[in-house]
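Listed below, chain by chain, are the residues.
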Amino acid sequence: MRALPASVLAVCGLIASACGGTGSGGAAAGQAALTTTQAQASPSSAPAREAPPDAKPLDGKVIVIDPGHNGANYRHPAEINRKVNVLTQWKACDTTGTQTRSGYTEAAFTWDVSQRMKRILERRGATVKLTRNSNNGVGPCITERAAIGNRAKADAAISVHADGSNNARHRGFHVILPEKINGPVDKVVGASGKLGIAVRDAYRKGTGIPYSNYIGKNALDYRSDIGGLNLSTVPKVLFESGNMRNPDEAAKFQSPQFRQKIALALANGLQHYLEA
Ligand SMILES: [Zn+2]
């Protein structure tokens, strides 16, 4: 999609900046340290303390990954502009998301990164569920995206997005965290904060992408207007991986190798949180 209709932008959380309030996503990472198995470390050491090579550190954990937006949203404005109740206000069911200057869409980015994350986390033993099963459909609404995590009783949930500030000097990533709203999310606000910090630290370390220079403080932004967070009863954050309108970050996002790095970083952040 080219220029986003004003009505779409208005619903987005970050009106002036990009994918708008609905979030943007990213991932966090902390890589190698997580999966350390000491098996190859020293052949002479006692075997008793060594993790088996097939250790599954996330065995029994349920993770819901929400790839932001959907590839055909832009063709169904009436459906995605339908207003839904997110407790603190009414917002559009979903939005189109942003795109790089060369036309690589946020929906394609979040879909690819989320699938990569799923593969990594499943190899580590987690049960992983995505909130959509292709990048050529519509929605689901942000209310349903939250409900999927709740029904799964996820140990952790993450919405993956990327922002779209048209100021090319705007760069870096940030994590959107829920605030207490006198609603069901209140009981997971504390845990979501811990999840957000784990994912932030892992992403910074794993990708080298800096903290946002235009949103949040130390890459953390607490909000009460994000439907996917307000309606969550499980620990959840919305990750804005960077600014798709910034040429340097756009080039990274368009590289499959870099997206793998992003996915690994986010998976590591989730694991750090779940193991803490
Ligand atoms: Zn987004």
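Residues numbered from 1 in each chain as written. Predicted model: local features only at pLDDT ≥ 70, side-chain atom pairs only at ≥ 80, totals over all residues. Heavy atoms only, no water.

## Describing the overall build of the protein
Spelled out, the test is: Only DSSP runs of H or I with at least four residues qualify as helices, and only runs of E with at least two residues qualify as strands; both kinds are numbered from the N terminus onward. Type-normalised accessible area, obtained with a 1.4 Å probe on protein chains alone, sets the label of each residue: buried when under 20%, exposed when over 50%, and partly exposed for intermediate values. Note on definitions: a residue-residue contact is assigned when non-hydrogen atoms from the two residues lie within 4.5 Å. Under the convention used here, a 1.4 Å probe and the Shrake-Rupley method define accessible areas, while residue burial counts only the protein chains that appear.
Along the backbone of the protein there are 8 helices and 8 strands. In the protein, buried positions account for 57% of the 276 residues. Counting contacts in the protein only where the partners sit at least 6 residues apart, residues at least 24 apart contribute 82% of the total. Counting only carbon and sulfur atoms, one obtains 52% of the accessible surface of the protein, whose full area is about 11,400 Å².

## Looking at the packing of helix 3 (residues 106-123) against helix 8 (residues 256-275)
To be explicit about the condition: To obtain an axis, a line is fitted to C-alpha atoms, over the contacting stretch when the element is a helix, and the angle between two such axes runs from 0 to 180 degrees between their N-to-C directions. Small angles under 35 degrees read as roughly parallel and large ones over 145 as roughly antiparallel, with 65 to 115 read as roughly perpendicular and the rest as oblique. Crossings are sorted by hand: turned counterclockwise from the far helix by less than a right angle, the near helix makes the crossing left-handed, and turned clockwise it makes it right-handed. Residues are grouped as follows: Ala, Val, Leu, Ile, Met, Phe, Trp, Tyr, Cys and Pro are nonpolar; Asp, Glu, Lys and Arg are charged; every other residue, Gly included, is polar.
Between helix 3 and helix 8, the least distance of the axes is 8 Å, while the angle of their chain directions is 55 degrees. Put simply, helix 3 runs oblique to helix 8. Every pair of crossing elements has a handedness; the one defined by helix 3 and helix 8 is right-handed. Between helix 3 and helix 8, the residues in contact are Phe 109, Asp 112, Val 113, Arg 116, Met 117, Ile 120 and Leu 121 and Pro 256, Arg 259, Gln 260, Ile 262, Ala 263, Leu 264, Leu 266, Ala 267 and Leu 270, respectively. Broken down by class, the residue content of the contact of helix 3 with helix 8 amounts to 12 nonpolar, 1 polar and 3 charged.

## Considerations on the environment of Gly 228
With respect to the helices, strands and loops of the structure, Gly 228 is situated in helix 6 (residues 227-230). For the pair Gly 228 and Cys 141, spaced 87 residues apart in sequence, the C-alpha separation works out to 9.0 Å. Residues in contact with Gly 228, not counting those within four places in the same chain, are Ile 142, Ala 146 and Lys 236.

## Let's talk about the packing of helix 5 (residues 189-207) against helix 8
Relative to each other, helix 5 and helix 8 sit at 145 degrees, their axes nearing to 8 Å. As for the relative orientation of helix 5 and helix 8, their crossing is right-handed in sense. Where helix 5 abuts helix 8, its residues Ala 191, Lys 194, Leu 195, Ala 198, Val 199, Ala 202, Tyr 203, Gly 206 and Thr 207 lie against Phe 258, Lys 261, Ile 262, Ala 265, Leu 266, Asn 268, Gly 269, Leu 270, His 272 and Tyr 273.

## A word on helix 4 (residues 142-151)
Short version of the rule: The arc in question is traced by the directions running from the helix axis to the C-beta atoms.
Within helix 4 the residues assigned to the buried category are Ile 142, Arg 145, Ala 146, Ile 148 and Gly 149. An end-on view of helix 4 places all buried positions within 150 degrees of arc, on one side of the element. If you follow the buried residues of helix 4, they end up packed against strand 1 (62-67), strand 2 (83-85), strand 3 (90-92), strand 4 (127-130), helix 6 and strand 8 (236-243). Of the residues trailing helix 4, Lys 153 is marked for its positive phi of about 50 degrees.

## A word on the confidence of the model for the protein
In plain terms, the rule: Per-residue confidence from the predictor is reported as pLDDT, a score between 0 and 100.
For the protein, the average pLDDT comes to 87, and 80% of its residues sit at 70 or higher. This model gives residues 1-18 a pLDDT under 50, and the stretch forms 52 contacts once residues within four places in sequence are excluded. Long-range and interchain partners of residues 20-45, a stretch whose pLDDT sits below 50, account for 110 contacts in this model, where long-range means more than four residues apart.

## Some points on the pairing of strand 6 (residues 174-178)
The condition that has to hold: Strand pairing is defined by DSSP finding a minimum of two bridges between the two strands. The path from the first strand over the helix to the second decides the hand: if it runs clockwise while the strands point away from the viewer, the crossover is right-handed.
Across the 5 residues of strand 6, 5 count as buried, placing the element largely inside the fold. Here strand 6 shows no split at all, with His 174, Ile 176 and Pro 178 on one side and Val 175 and Leu 177 on the other all buried. Taken together, the 3 bridges between strand 6 and strand 8 define a ladder with antiparallel strand orientation. If you follow Val 175 over to strand 8, its bridge partner there is Phe 239. With 4 bridges joining them, strand 6 and strand 7 (residues 220-223) adopt parallel strand pairing. Within strand 7, the residue paired with Val 175 across the bridge is Leu 220. Handedness of the strand 6-helix 5-strand 7 crossover: right-handed.

## Notes on the pairing of strand 8
Judged by how many residues are buried, strand 8 sits mostly within the fold: 8 of 8 residues are covered. The sheet contact formed by strand 5 (residues 156-163) and strand 8 spans 6 bridges and is parallel. Paired with Ser 159 across the strands is Leu 238, a residue of strand 8.

## Concerning the environment of Ala 191
Along the polypeptide, Ala 191 turns up in helix 5. Once you skip the residues sitting within four places of it in the chain, Ala 191 turns out to touch Pro 235 and Tyr 273.

## Considerations on the sheet that holds strand 4
Strand order in the open sheet made by the 6 strands is 4-1-5-8-6-7, with mixed pairing throughout. If you trace the sheet from one side to the other, it starts and ends with strand 4 and strand 7, each paired once. For this sheet, the mean angle separating the axes of adjacent strands, direction not counted, is 25 degrees. Helix 4 contacts strand 1, strand 4 and strand 8 of the sheet and is inclined by roughly 170 degrees relative to strand 1. Contacts from helix 8 reach strand 1, strand 5 and strand 8, with the element oriented near 150 degrees to strand 5.

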